Structures are given as C-alpha cells and as structure tokens.
Amino acid sequence: MSHPFDAPTIIRTKRDGGALSDAAIDWVIDAYTHGRVADAQMSALLMAIFIRGMTRSEITRWTAAMVASGERMDFTDLRRDGKPLALVDKHSTGGVGDKITIPLVPVVMACGGAVPQAAGRGLGHTGGTLDKLESIPGFTPELPKAQIRQQLCDIGAAIFAAGELAPADRKIYALRDVTGTTESLPLIASSVMSKKIAEGTASLVLDCKVGSGAFLDTEEECRELAHTLADLGTEAGLVTRVLLTDMSTPLGRTVGNAIEVAESLEVLAGGGPSDVVELTLALAAEMLDAAGIDGVDPAQTMRDGTAMDRFRKLVAAQGGDLGALSPDTLPIGAYTETVTAPRGGTMENIDAMAVGLAVWRLGAGRSVPGERVQSGAGLRIHRRPGEPVAPGEPLFTLYTETPERFEAAMAELDGGWRVGDHAPPVRPLIIDRITNGG
C-alpha cells in the first residue's frame, strides 16, 4: 500500500513554516520508529521544528503518535490491601544537580503512594536519573512488566527504563541529544508527556525548571512549557500539577552521578542541603495531593527512617548492592582537581549551566548516543551563593576517571562563578504553581 507522504516533503513543509497534518505526523513518527525514515531525515525535521515551532494541536498529535508507537501500560487493576493503588509520578524538565527523584520516590512510597517511574538517561548537559542510579553497583532499570507490577504492589515503586514505552521518543530523544535540538519547547513537551502517558500513572506532578541551567532560557518560555505540559496531561486524563522552580544555581552541593546518589542518601537520612530537602518535600506534597492521599507528613518519613527503608527496598528489588549504599562506598572518581578562592568575601553566584557543562566534560554525560557515562565523574560545591569565603579555601572539587578531561572542564567552569563583597539576593526556589484547573 502506498502512502501519500514522504520525508522530504514533510521536512520542507515544516522548514517553510507550515503546520503538519495529523496524518503526516502519524506517518512520520511510525515510519521513523520502524526505520523507513533515516536518522538524517529526522534530524532535519527536528531542526525545522526547533526553528519553526509547532502549534498546540501539532504538539498534541505528535505526543499521541509517540504514545501509539508502543504500548500503554495499565495498572488500574492492581490492588494493595484490597484498594486500588494511588498511582502518581513526577518528572523534572532537567536541571543541574537535580537528584530529586532519588529521595522523592521513597518519601512518596513511605506515605502510601505507588510510583511507576519511567526514567531517562542523560540529555544535553544534565545526567539522567538512570545514569545516577546505575552508579549503584548491580542496580538495573531494565525491568520486565511483571516485575514492575509486582514492585508497585509490594513496595510501592519501580524506576525503570522506558523500554517499549513510546519507542519513537527513545529514538528521537537520543537524536536530539546530539543534534543541538534538546531545547525545543514542542519536543520537550511531547517527549516528557509521551512517556508519562504511556507508563500508566493516574496523576502527575511536573517540575518545570527556570534559569540558566534549564533547557529553556526565559521564564516566559518555561511558563509556556508548563501550561503545555499541564494541557497535554489533562487531555490524556491525568490529574496534572506543575511547579515552576529555580534552576539558576545548581541544586544541592553535588553534580554528577554517584556523587548525587551520595547526597540523596544524606537527604533520606534527615540531613542534606536545604534546597534539595525543600524541593523534595514540596513535590511530595503535590504528588500526595494529586493522588488523593492526605493525613501524612512527608518530612516525618525522613526523620523516622521509613523513606530510607523504602529506598533500600527499591534498590534491593532492582538488583542493587545495599552494601555500596553509603557515601563512602559509592564509586567517586579517582582523580581530583580543586578550584580555590582567589580572595576572601562572599560567594556571589554560581552559574548552573557552567557547572553542568563542566561535569559533562568530566565524563558524566554523553556526546554520542549510547556512550557509557562515568559513574564517578562529578563536582562538589564547597561554597554556595551567599556563603562566606576565605582566601585560598576550596570552592569546587572536580572528580573524574580520566584526568585529561580536567582542562576542558576547568575551561567550562571558568567565569561561571564569582567571589565578591555582597551576598546575592535570595531567590525563591519555587516560583509558581500551575494546575490548569486540574
């Protein structure tokens, strides 16, 4: 059977600023998924979308076509203690030092939620949740469906690679990562929501990042993305909430893979950086509200150890070595370089993008699809904005397994921070909350 579509015509339509028909979108997504459209052609189309944008109806159809490229999971039949599971998930649009999923999922588990978390690997300058968790020896996100269902019933979560969910997105996501098209609002929105709609959650909380370390540059663009995400979720029947949060400065004091897991363990043990704790608890409150769970205090689960207990159960269920679950035994890079203060004063600012790119240069991210990331690559921030600095004291420690990477990493970091005489104005971590009536 012949089709009235071909890739060059679709590319030209978008290149010239036209809108793609529903049928054209359905065809190109299906053809690319099954290898009838080449990577070079999809790369050209993604760049045309990046430059020309998409209408809201195009984004809706593109998302639906990506969901339809694979299976849609359904957990509505699952029960715990005779009651349907309170299915809820969270997704962040990506930030520097954004390890929030790691402490957040166990907190929500401990409060009675069930979290089917289809997670991703690194995109652009940020490490993905799976890259971080895979730095725990033995941990695997490659879970069969039966195991995902069992874990949701038994312990309340599974963090898994999207696998057969939205396979079109998996291919396009890898292509965006290496073709300079990660920062496109339509492509971000459809990528996030295709996986989340397909994974079978009933409610969803989105953490939309604003600032230099976010994928979109301006608050106006981030607000547009937040509303687009909320609309796509609501149209798909999910209870959807969105928080706009600050990503001008890295979250916490660590950026990388294993080093972020170590910091997450501190948070689960009732300590850790205040901003990581604040955002974890804010998102937990939204997730519990969206799932209809009330009368529980997420902060209590960190104080009494139940969240840490759930995290250990999750790691053990997915093959992770519980003996490696301490800040001292996780694999941190063998080679280090330290940046020291040229003068005394106050740390005025740390640019999230500069730090993200430095850590990417150290080996924590990818420059080609499928590249292996270094579990031990990362960076520790010793002085955060507003903290006092003494001359010559360490400001940053960089870690890698390949010391020849330090020069490029230092060049990215150079100019991305400043010690001055005045503390910077305090910025709210949570900027806004968007529900679109959901």
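Residues numbered from 1 in each chain as written. Predicted model: local features only at pLDDT ≥ 70, side-chain atom pairs only at ≥ 80, totals over all residues. Heavy atoms only, no water.

Let's talk about the nonpolar core
Core analysis: the biggest nonpolar cluster contains 74 residues, and I136, F311, F396, L398, L413 and W417 have the highest contact counts within it. The dominant element in this core, judged by the number of residues it contributes, is helix 12 (residues 274-290), at 9 residues. In this structure, F311 is in contact with I102, P106, L133, I136, L265, L268 and L325, ignoring residues within four places of it in sequence. Listed in part, the 64 residues of the second largest apolar core include A168, V210, L216 and A226. (Core = buried A, V, L, I, M, F, W, Y, C linked by side-chain atoms within 4.5 Å. Buried < 20%, exposed > 50% of the residue type's maximum accessible area, 1.4 Å probe, protein only. Helix = DSSP H or I, 4+ residues; strand = E, 2+ residues; numbered from the N terminus. Contact = heavy atoms within 4.5 Å.)

A look at the sheet that holds strand 12 (residues 388-389)
Overall, antiparallel pairing links the 3 strands, which are arranged 12-10-14 in an open sheet. The open sheet has two free edges, formed respectively by strand 12 and strand 14 (417-420), since each of these has just one partner strand. (Pairing = 2+ DSSP bridges.)

Some remarks on the packing of aromatic side chains
The full count for this structure, using the stated rule, is 2 aromatic pairs. A centroid spacing of 6.3 Å and a plane angle of 35 degrees characterise the contact between F5 and W27, whose relative ring orientation is tilted. Here F5 is found in the segment before helix 1 (7-15), whereas its partner W27 is found in helix 2 (residues 22-33), with 22 residues between them in sequence. Sitting above the plane of the Y32 ring, K171 keeps its charged end 4.3 Å from the centroid. (Phe/Tyr/Trp six-rings, centres within 6.5 Å; stacked < 30°, edge-to-face > 60°. Lys NZ or Arg CZ within 6 Å of the ring centre and 35° of its normal.)

Section: the packing of helix 5 (residues 101-110) against helix 11 (residues 258-268)
At a minimum axis distance of 8 Å, the contact between helix 5 and helix 11 shows a crossing angle of 35 degrees. Seen from above, helix 5 lies across helix 11 with right-handed handedness. Each of I102, P103, P106 and V107 in helix 5 lies in contact with helix 11, whose residues at this interface are V261, S264, V267 and L268. Broken down by class, the residue content of the contact of helix 5 with helix 11 amounts to 7 nonpolar, 1 polar and no charged. (Axes fitted to C-alpha atoms, helices over the stretch in contact; angles between N-to-C directions. Left-handed = near helix turned anticlockwise from the far one by under 90°. Nonpolar A, V, L, I, M, F, W, Y, C, P; charged D, E, K, R; others polar.)

Looking at the pattern of salt bridges
On inspection of all chains with the given rule, the structure shows 30 salt bridges. For the salt bridge of E412 with R361, the shortest nitrogen-to-oxygen distance reads 2.9 Å. Of this pair, E412 sits in helix 16 (residues 406-413) while R361 sits in helix 15 (residues 352-364), and the two are 51 residues apart along the sequence. In this structure, a network of salt bridges that share partners links the residues R241, E286, D289 and R433. (Salt bridge = Lys/Arg side-chain N within 4 Å of Asp/Glu carboxyl O.)

Observations regarding the sheet that holds strand 11 (residues 378-381)
Spatial strand order, 8-11-13-9: 4 strands in an open sheet with antiparallel pairing. Both edges of this open sheet fall to strand 8 (254-256) and strand 9 (335-340), since each of them pairs with a single strand only. With strand direction ignored, the average angle separating the axes of adjacent strands in the sheet is 15 degrees. Relative to strand 8, helix 11 is tilted by about 140 degrees, and along the sheet it contacts strand 8, strand 11 and strand 13 (394-400).

So, a negative patch on the surface
Taken together, the side chains of E183, D217, E220, E221 and E224 define an acidic patch exposed on the protein surface. In this fold, D217 is placed in the loop between strand 6 (203-210) and helix 10 (219-235). (Patch = residues over 30% accessible without salt bridge, like charges linked within 9 Å, V, L, I, M, F, W, Y side chains within 5 Å. Areas by Shrake-Rupley, 256 points an atom, 1.4 Å probe, with all protein chains shown as cover. Lys, Arg positive; Asp, Glu negative; His and termini not counted. Charge placed at Lys NZ, Arg CZ, Asp CG, Glu CD.)

Thoughts on the confidence of the model for the chain
Here the chain shows a mean pLDDT of 92. Residues at 70 or above account for 96%. Mean pLDDT values for the elements of the chain range from 89 in helix 8 (residues 167-179) up to 98 in helix 3 (residues 39-52). (pLDDT = per-residue confidence, 0-100.)

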